[in-house]
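What follows is the residue order along each chain.
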Amino acid sequence: MSRGFKIVIAGLWLSVLLLWVTLPRLARRSDSPLQPPAATAAQIAEHPTWTPTLPPVPPPPTATPPGVATSTFTPLPPPSPSPPATATPLPTATATPPPPAPLPPTPAAVVHDGRIDAIGPIPLPTVAPLSFGSGRAPVRLRIPALDLDTPVLPMGWHVVSDASGVRSEWDVVDFAAGHHINTAYPGEPGNVVLSGHNNIGGSVFRTLCVIGEPGVDFGLEDEMILVDESDRRFTYQVNGWQRLAERNASIATRLENAQWMAPTDHAQLTLVTCWPPWSNTHRVIVTGLLTAISP
């Protein structure tokens, strides 16, 4: 074996010896950055709460790098705790009936020397009328406030031709109230029209013609009772009256006055007579609404 080869072999053995001595010491160093030191059985027995720790994280640098602007932002303080949100209950829907429709105002009375010449018509509570065709002709009229009790007879008309032209005139009956034969029957929808004399032919409406005059105890809401052929009683309550000029009145005025005798869509009673008690210069119209039916 040559001298050079022996030197190489000796160097290899020396290197192996150095590795064998150095590696265990490196593995036992406590500052190894690879892993925390393992606890021995003796250390755990002596310190039962001991746990291995990772190396501490270095704090961030405090110096601002050159060329970077420092932030002056100041964080807002944390919001104060707010009370827990509570659900606001929704209003409960209630079935509220609509307010009743206001009644129309009572028309102002037309007063002359203390006498009420016109008032109404005013609203009154009414009852359902009879069906069409179920009515019968009236045979009697009673007005308790006037002590009036008179028979009722059918009343027609005749045609008159004079200087004023051709027109129809009613044949007012004597000693009874006359039922205009082309008007409604008691209790039916429509206008029941009765006429009567105030100072001739029995003067059955002599107390009626002074309605509205001082001292006369007959007016709004007083009862007028019609009895028909079947002995049914129909109560109408006064809801207004008019005193209208007739003598020397124009045809237009007379036609306007006659509208009080026109048909209606509700059950109405209309009484017609003349005024004053000693003459016939005016017409008196008394109207009433159906408020009761008695079999």
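Thresholds, definitions, all that
- Residues numbered from 1 in each chain as written.
- Predicted model: local features only at pLDDT ≥ 70, side-chain atom pairs only at ≥ 80, totals over all residues.
- Heavy atoms only, no water.
- Helix = DSSP H or I, 4+ residues; strand = E, 2+ residues; numbered from the N terminus.
- Buried < 20%, exposed > 50% of the residue type's maximum accessible area, 1.4 Å probe, protein only.
- Contact = heavy atoms within 4.5 Å.
- Areas by Shrake-Rupley, 256 points an atom, 1.4 Å probe, with all protein chains shown as cover.
- Pairing = 2+ DSSP bridges.
- pLDDT = per-residue confidence, 0-100.
- Phe/Tyr/Trp six-rings, centres within 6.5 Å; stacked < 30°, edge-to-face > 60°.
- Lys NZ or Arg CZ within 6 Å of the ring centre and 35° of its normal.

### Points about the overall build of the protein chain
Of regular secondary structure, the protein chain possesses 3 helices and 12 strands. For the protein chain, the residues scored as buried account for 30% of the 295 residues in total. For the protein chain, the proportion of contacts with a sequence separation of at least 24, taken over those separated by at least 6, is 63%. Summing over all exposed atoms, the protein chain offers an accessible surface of approximately 20200 Å²; the carbon and sulfur share of this is 63%.

### A word on the pairing of strand S9 (residues 223–228)
Extensive coverage of S9 is indicated by the burial of 5 of its 6 residues. Where strand S3 (residues 138–143) meets S9, 4 bridges bridge the pair, whose relative direction is antiparallel. Looking at S9, one finds that Arg142 is bridged to Ile225. Counting the residues between successive antiparallel strands, the hairpin from S9 to strand S10 (residues 233–245) contains 4 residues, one of them, Asp231, with a positive phi of roughly 65°.

### Let's talk about the confidence of the model for the protein chain
Across the protein chain, the average pLDDT comes to 78, with 64% of residues at 70 or higher. Under a pLDDT of 50 for its full length, residues 21–80 has, in the predicted model, 9 contacts with residues more than four places off or in other chains. Counting interchain partners and residues more than four positions distant, the pLDDT-below-50 stretch residues 90–95 has 0 contacts.

### Overview of the packing of aromatic side chains
A full pass over the atoms with the stated rule returns 1 aromatic pair. Considering the side-chain rings of Trp157 and Trp170, the 5.5 Å spacing of their centres and the 75° angle between planes classify their relative orientation as edge-to-face. Pair noted here: Trp157 is in strand S5 (residues 157–162) and Trp170 is in strand S6 (residues 165–170), with a separation of 13 residues, a long-range link. On the accessibility criterion, Trp157 (43% relative accessible area) is partly exposed. Taking the ring centre of Trp275 as reference, the NZ or CZ of Arg243 above it sits at 4.9 Å.

### So, unusual backbone geometry
Looking along the chain, the bond that leaves Gly120 and enters Pro121 is cis, with omega of 5°. Put simply, Trp275 and Pro276 share a cis peptide bond, and its omega is 0°. Within the secondary structure, Pro276 sits in the loop between strand S11 (267–275) and strand S12 (282–294). At Phe175, a residue that is not glycine, the phi angle is positive and equals roughly 55°. Mapped onto the secondary structure, Phe175 falls in the loop between S6 and strand S7 (177–180).

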